[in-house]
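# Observations on the model geometry
The chain contents come next:
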Amino acid sequence: MVGVLRRMHALREKILWIRHGPGAAVLPPNVTRIHLEFAKRINGGHMGPRKFWQENLPRLKFWNPQVPMIVNRCDDTERPATLTLYFRDDGAPAKIEGTQLSSAADGTSTAPAPSQGERTVVLDIKGLHSEKILEEFMAKTSATNVQLTPQEEMELRELEDLRKRGEIDRKVTKKMIDEKKREKARLALAMSEAAANKASAL
Amino acid sequence: MASTNQCVASMARLNLSYSTRRPAISTIPNFLLPSVATPQIRHASGSGGGGMRKRPEKPKKQYKLFRSYDQSEQQKFSLCDAMRYLRAFEVGKPPSGAKYEVHVKLRTEKAGPVVRNRIRFPYPVSSDTRIAVICPEDSPVAAEALQLGAVVAGQESLFESIKNGHFAFNKLICHTESEDALKKANVGKLLGPKGLMPNKRHGTITSDLKKTINDMVGTDEYRERNGVVQLAIGQLGFTPQMVADNLKVVMERMKKDMDAIVDNGHTKHLDEVVLSSTHGPSFSLNGKFNPTEDNVTVEQLQSTM
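Residues numbered from 1 in each chain as written. Chains lettered and ligands numbered in written order. Predicted model: local features only at pLDDT ≥ 70, side-chain atom pairs only at ≥ 80, totals over all residues.

Residues and elements named next belong to chain B. The end-to-end C-alpha distance of helix α8 (residues 240–263) is 34 Å, a good match for the 34 Å that 24 residues give at a rise of 1.5 Å each. Along α8, the residues classified as buried are P240, V243, N246, L247, V250, M254 and M258. Taken together, the buried residues of α8 touch α2 (79–89), β1 (99–108), β2 (116–120), β8 (228–235) and β9 (268–277). Phi for G265, located one or two positions after α8, is positive at around 90°. (Helix = DSSP H or I, 4+ residues; strand = E, 2+ residues; numbered from the N terminus. Expected span 1.5 Å × (residues − 1). Buried ≥ 20, exposed ≤ 12 C-beta atoms within 10 Å, placed from the backbone. Contact = placed C-beta atoms within 7 Å.)

Attention now goes to the sheet that holds strand β3 (residues 69–74) of chain A. Residue and element names in this part refer to chain A. The 4 strands lie next to each other as β3-β2-β4-β5, forming an open sheet whose pairing is mixed. The open sheet has two free edges, formed respectively by β3 and β5 (119–124), since each of these has just one partner strand. Direction aside, neighbouring strands of the sheet carry axes that sit 15° apart on average. Both strand β2 (residues 31–39) and strand β4 (residues 82–87) contribute to a ladder of 6 bridges, which runs antiparallel. The residue bridging V31 from the neighbouring strand is F87, located in β4. In this fold helix α3 (residues 130–141) packs onto β2, β4 and β5, with an angle of close to 15° to the strand it touches most, β4. (Pairing = 2+ DSSP bridges. Axes fitted to C-alpha atoms, helices over the stretch in contact; angles between N-to-C directions.)

All right, on to the domain arrangement of chain B then. Examined at the domain level, chain B breaks down into domain 1 (2–43), domain 2 (79–125 + 219–302) and domain 3 (131–216). Domain 2 of chain B and domain 3 of chain B are separated by 31 Å when their C-alpha centres are compared. (Domains from an automatic or database assignment.)

Counting from both sides, the interface comprises 25 residues of chain A and, opposite them, 26 residues of chain B. Of all the elements in the fold, those that place two or more residues in the side of chain A that touches chain B are α1 (4–19), α2 (47–63) and β3 of chain A. Its residues assigned to classes, the side of chain A that touches chain B comprises 17 nonpolar, 5 polar and 3 charged. (Nonpolar A, V, L, I, M, F, W, Y, C, P; charged D, E, K, R; others polar.)

Turning to the domain arrangement of chain A, a few remarks are in order. The extent of an interface is frequently quoted as the accessible surface area lost upon association of the parts. Residue and element names in this part refer to chain A. With domains assigned, chain A is organised as domain 1 (4–145) and domain 2 (148–202). Taking only C-alpha atoms into account, the centre of domain 1 sits 44 Å from that of domain 2. With 4 residues of domain 1 at the interface, the matching set in domain 2 holds 5 residues. Of the residues that constitute the side of domain 1 that touches domain 2, the class distribution is 1 nonpolar, 1 polar and 2 charged.

Residue and element names in this part refer to chain B. Where β1 meets β9, 9 bridges bridge the pair, whose relative direction is antiparallel. Following the sheet pairing, E101 is matched in β9 by S276. Pairing geometry for β9 and strand β10 (residues 283–284), over 2 bridges, is antiparallel. Residue pairing in the sheet places V274 in a bridge with S284 of β10. In textbook terms, the turn of a hairpin is the stretch between consecutive antiparallel strands, and for β9 and β10 this stretch comprises 5 residues.

And the structure:
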């Protein structure tokens, strides 16, 4: 197994990544579920939706673990890319009729119709940048962004310092390795020349 | 430095009778001093050889145990906390494509017996077990095998399909009647690398098909490799309680295996338990269950992804 410190270092970065950044927001209680649909290939404006799924949705899921977030990816790039938001404004507990779908990579989990007392907002996100999708999402759901705690700020700064330090160290090491390689090549050249000279002298 | 001081001291002694003034030599930097001013001091040990003595090369230290690390500074997580992170990392992945897995690191010898066993989970993890049985074609045994849920049963036809590279199964059993045929069929090279070759020691050459197949369906195998046991313990849709139950069963069974090995005079102890998922990072567990952060409840982690 990889050493404890190395593992912990990698984990700390990932934890900070998922806790903060674009998409780290708490949804109001009237949002019951989210459905996202786009194509597997990016042609025709499916890049933004995919990036939204990869970069923003994990953060949203972390801060709202109770909200089902279903992603349906299909093969057909001609189909529209949509983001469907389900709201329940009467304050009743979020009860979903039938079995709740799970995410699919074969296009079978299409957006279900809203159940009794639910309303939906459908956003057409084809061709939009993921930042723009997030902006619209935040406006429609009126979610509140999560603020960094002082300790997390400090950790972020530490990681940034470490990254800068790493860049410097990488340069130094590269210089050393290159010098070693050059030395080796020079030696190999000299040896081969010497061997050739010896052969010709005989 | 020492030699310079000694030199200065001796010069001072020489000058003692003439003057008590310190010589101006101390203002000159050490490296500018002429070499004659710093006579070499020879020691008894260096007088014989001249140059560095060659020490016999130390043999490289061989560690008997796998390395274990100091975990005092490691951040550890409760099961629900780890699952909250993992569920977030796995968001939008189809549930069939991602699983929770556990890595159990052991403090153990590099050479010696390994932990290896089959386990039946309270909540089955792998739903996909396809069994093939090697037995005489169209015999009552074949009929029984098919009835018990085997996908293929046969002898020559099965060998033929194996040689053609068609594997419609992921578990293979051989009936004792067909043992010789299996040996003659020369398929070990194809089956061995996939871990499918029937073997008496593993109980996959058997005369009691019913028992073997029942053991196989819904059981998972685990095995220690490089001091770590890794196995899938839950589907992505499992609730924290389901994962906890499965994990408990694994740990209890593994404890028994380890105790048996320790009784035989080997080292085998639990070092660390790590939970991860197919696409997520790994979280070292602290053995607790409940979420630690405010406003997160176990119920919230039970919803559909």
